[in-house]
Structure formats: structure tokens, C-alpha cells
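Reading the structure
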Amino acid sequence: MRNGAGLGRNARRSARRGLAWAARLVAVACCGTAAAQPAQDSARPGAPAFALFADHTVGFEIEIPADWMYDRTAFPGPEGSLGVLQGRAPGGRATLQILVFREPATRTFPLWIDDLAVKLGRLSDTQRVKVVGNEHAARPEAIVAVDAEVPRGRTHTLYYCVEFDAGLYWAFSYAALLGARPERDRAAVRAAFERLIGTLRVTYDPRAAQQQEAARQRGVEFARELPRRLADAAIDTAEQHFEIRLADRPVGYLVRRAQREQRATIEAGARPKPGLRVREQSWRFGDDGSALFTSIDLFSSEDLRSDLYEITHSRVPPVPTVGGGPGLLPETTVDQCIREGNQLVCSFRSSLDVALPDPRRPLALDESYLGLAWVRVLPALIGGSQGAPLAFVTYDVASRATVTQVIEPLGPRPLPEGGEAFAYQVRDGFSSRSTLLYADARGRMLRLESGDLVLRRSDPRTIDEAFRARRQSALQRLSEQGQAVR
């Protein structure tokens, strides 16, 4: 279980604080939440910055160094584990990984830890292995320390292993090269390691896992019947406008339009498939002159086997202060995904990349996957009656991974603006936060609430009058850098 440092050039953007805005906007549009968010860790000048990494499918949150390079593309780990995150420090002298192991319930945590230590000790480059347990912890846990000799020198690796549930084990590893003073360096590794694992928050709940699995089975049954229902489904094709408010302050807007369409998803000569296309554009503005433009273009076929996604984020940094030195450059990123059957192939590139990004591993899918275009119009497909929760696996743009999303129809509820609407509670996996969505009888979204973030229906004139000046300023700054939006 050694740390890998082979991260793609594009991965360095994935935990940047500037893209936290993008994550929140995607959360609004998808009715979910997942992101690396800035952690308010320290106000001391020069103190290292940390970002909150959340995986609501597995069920945990943890702070990680904000200036590292990251790749959260799922990868096959050792001993049949699933890797959910790889990270590398600037300069490459330290790495981290997060792995999830699913073992038979009969293989208890102590047995698994002992077996892990034995296997680590058998590696040819391992020099020393030490296991320390904690009998007073809230849940079974242990730390495994390993010294090894590698081509670049001696490394010290610490594994923090935790039992989430019977047979469900979580491991965080942190490794660093040791220098001329190994004992001092080991102490530094231990301090950095303890700083990170001390922020772990387990949101996984065994009872919620059972409920989620039942909801997923209902989602699979619903999806099996969906292709036959789509012919009669009424999808509103009118353009919809929403004001985005944060802490009751207007900070931007979202425009959305859905329409039936036929598209070929593989090659020009392929036969087009009927499906749904959803296009969205949104702006989000900061008081410091920063802005984020997001363009989302989604297509999902009626047979639920083909998808095309293109998501563009254009980030405008804060306006430089007088005497504050050169400001940051605007950055545009593009995510493109194509799905056929049980594989979703995604690419990611940035305007700041100096070379083509490394290819990403395809994401493996199963029958619980639902395309993003259909996710956007779920209220229209589910109906307004109160019912049992349904769960689907879908693509999360913020994390560039799949996530389980649970939607529960709550039935008629009073609308905060007055009148009545149909309400839906949406939650990503084991997230402690949920989103409340209101829709009319045709399934058209009227309002969305996610913590202090609110979307409410508006009109083009009101939106234009409120945000025209800030939008034009942001467009001008993007144009000056050759990053005009479309």
C-alpha cells in the first residue's frame, strides 16, 4: 500500500479555493452538494491553508492542504480497495491517499489491521512496521507506521485506519521523504499527519446506508420504467431565470432551458438518439470584483444509455489592489464527458495548462446511474405526490466523480413567496446538508434552498438590470486575456 505520486497536470486545479464557487453553483443546478471548500483554519500570516474535502458517497469530510496537487478520479487500490483521492505536495516530497476497503463482515477490524501490517512488512523495500491502536476511540481505529527505502531515499509513511461499519474500512496515508535528520523529519511528518486526521468527520451511518440502499433499489426500478414514460412526459421548454442569493444578498443568476433533441454521442456517422438537452448559464459575482461564469450543456438519451456533457467555468479573479503587485490571471476550465453503456469517459483541461492533460480513467457505471439531463427534471418525472425516497448514481461536476443522490417527494408545501408548491428534499449520499426544492404541478423549479444559498424565480429584465454592469466588467477582463465566453 505505497503512495503513488503519478498525478495529472490538470489535477492541481481540483481543490483550488477559487473553484469552490463553481462547486456551489453546480450544487444549485444539480440540487446537491460536493466540493473542496476553503477551511477557515488559521488567521496567522503565512500559516498553511487547508481545504475541506468531502466525499458524501463514502461518508466523510477531512481537511487537506490547499496548495497540493490532487486527483480524485476513482482508482483501483491495493487488496481490492477503492482509491478516492491522491495528492502530492509541491516539489513531490510528500504524498497522501485515501482508500476504502470492503471486506467480509467476518473479517474484523483487528484481523484486517494485523494482516495489513504483515503485508506491508513483506514488501522488499520495507525496513520497519509499527502498529498503534486506540482502545478509547469512538470507533475502532489504528495507526500503522512504515519506514521504507525507495530509489529517491528513505520514506516515512503513516496510515490512519478507521472502521466505518462491519467490513467497511477507511484508510488515510501520508508519506514523505526523510532528509539528513530523519528523527526530526519523522516528527514533522507525524505533526502534519495528526493535523489532517484530527479534522476527519465521519458522516457515514449504517442505518442511513440501509435506507439509502433501499432508495437505490427503488431508483433502479423507477429508471427501468422511465423510457416507457418519457414519451408522455411533459418537459417545459421555456427559458427559466433564477436570481441567486447568498445570506439574503443577490450575488448572481442562473438561466436554464430544456428541450427534446436527437443527438449522436459517439461519432458523426452514428445514428442519432432521442433524448433531453439541458443548457444552463450562470454568473456569480463577488464584492471584490471576482466573478464566475458557468456554462453547462447536457444531453441524456431516452434509452438511459448515452450521455454528453460539456461544462465550462470561466473564473475572473479579484481586481488587483493599488500597490498589491500583479493580480491572478483569469482561468477557464472545460469538462467534457461522453457515456455509452456502463462507462463514462471524461476529460478536463484548463487555459493555464502548458500541455495537454493526462488521460483520465473511465468511470464504471451500473444500472443505478441516471444521466444529468434527466436529473435536472426529476420533479417533472417523479410527480408531486408524497412518496418514498429514490436514489440514483449520477455525475458530480464539482468533484468529477460519481455521487449517490437521494430525492424524496414531500408533497404540497407552502411556498415562502406565497401560495403552494410541491417540495422535494435532495441529499448527496451521507451529506449532513440537504437541499429543498420547490416545483409547480408541471415539475418546473420555482425555488431552491441549500443552507444560506437560495434560488428564486425571476425574469430577464430584472436580472439584466441588477447584474448588467458587473457582467460587462467581467466579460471585458476575460476578453483582454483572450477568454471570451459564448
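Each value, and the rule that gives it
- Residues numbered from 1 in each chain as written.
- Predicted model: local features only at pLDDT ≥ 70, side-chain atom pairs only at ≥ 80, totals over all residues.
- Heavy atoms only, no water.
- 1 Å grid on protein atoms, 1.4 Å probe; cavity = no way out; pocket = protein on both sides within 12 Å on 5 of 7 lines; lining within 4 Å.
- Points joined across faces, edges and corners; volume = space filled by probe spheres on them.
- Helix = DSSP H or I, 4+ residues; strand = E, 2+ residues; numbered from the N terminus.
- Nonpolar A, V, L, I, M, F, W, Y, C, P; charged D, E, K, R; others polar.
- Phe/Tyr/Trp six-rings, centres within 6.5 Å; stacked < 30°, edge-to-face > 60°.
- Buried < 20%, exposed > 50% of the residue type's maximum accessible area, 1.4 Å probe, protein only.
- Lys NZ or Arg CZ within 6 Å of the ring centre and 35° of its normal.
- Disulfide = S-S within 2.5 Å.

Moving on, we come to the layout of surface pockets. Considered as a void within the structure, the largest pocket measures approximately 880 Å³ in volume. Forming the boundary of the largest pocket are 28 residues, of which Thr 57, Leu 82, Arg 102, Val 393 and Thr 404 lie nearest the centre. If one sorts the elements of the lining of the largest pocket by residue count, helix α4 (residues 206-230) sits on top with 5 residues. Split into classes, the residues belonging to the lining of the largest pocket amount to 16 nonpolar, 6 polar and 6 charged.

With that settled, consider empty space enclosed by the protein. Enumeration over the complete set of coordinates arrives at 9 cavities of 30 Å³ or more. There is about 170 Å³ of room inside the largest cavity. Lining the largest cavity are 15 residues, and of these Gln 240, Arg 376, Val 377, Gly 443 and Arg 444 sit closest to its centre. Partitioned by chemical class, the residues of the lining of the largest cavity number 8 nonpolar, 2 polar and 5 charged.

Before going further, it helps to examine the packing of aromatic side chains. The final tally for this structure, using the stated rule, is 20 aromatic pairs. Between Phe 53 and Phe 60 the ring centres are 6.0 Å apart and the planes differ by 45°, which places this aromatic pair in the tilted class. Side by side, Phe 53 and Phe 60 carry an identical accessibility label, which is buried. Through a chain of ring-to-ring contacts, three or more aromatic side chains come together here, namely Phe 53, Phe 60, Tyr 160, Phe 164, Trp 170, Phe 172, Phe 193, Tyr 204 and Phe 430. Between Arg 195 and the ring centre of Phe 50, over which it is positioned, the NZ or CZ distance is 3.8 Å.

For the structure on display, the rule yields 1 disulfide. Paired by a disulfide, Cys 337 and Cys 346 hold their sulfur atoms 2.5 Å apart. Linking Cys 337 and Cys 346, the disulfide has an S-S dihedral of approximately 110° and is accordingly described as right-handed.

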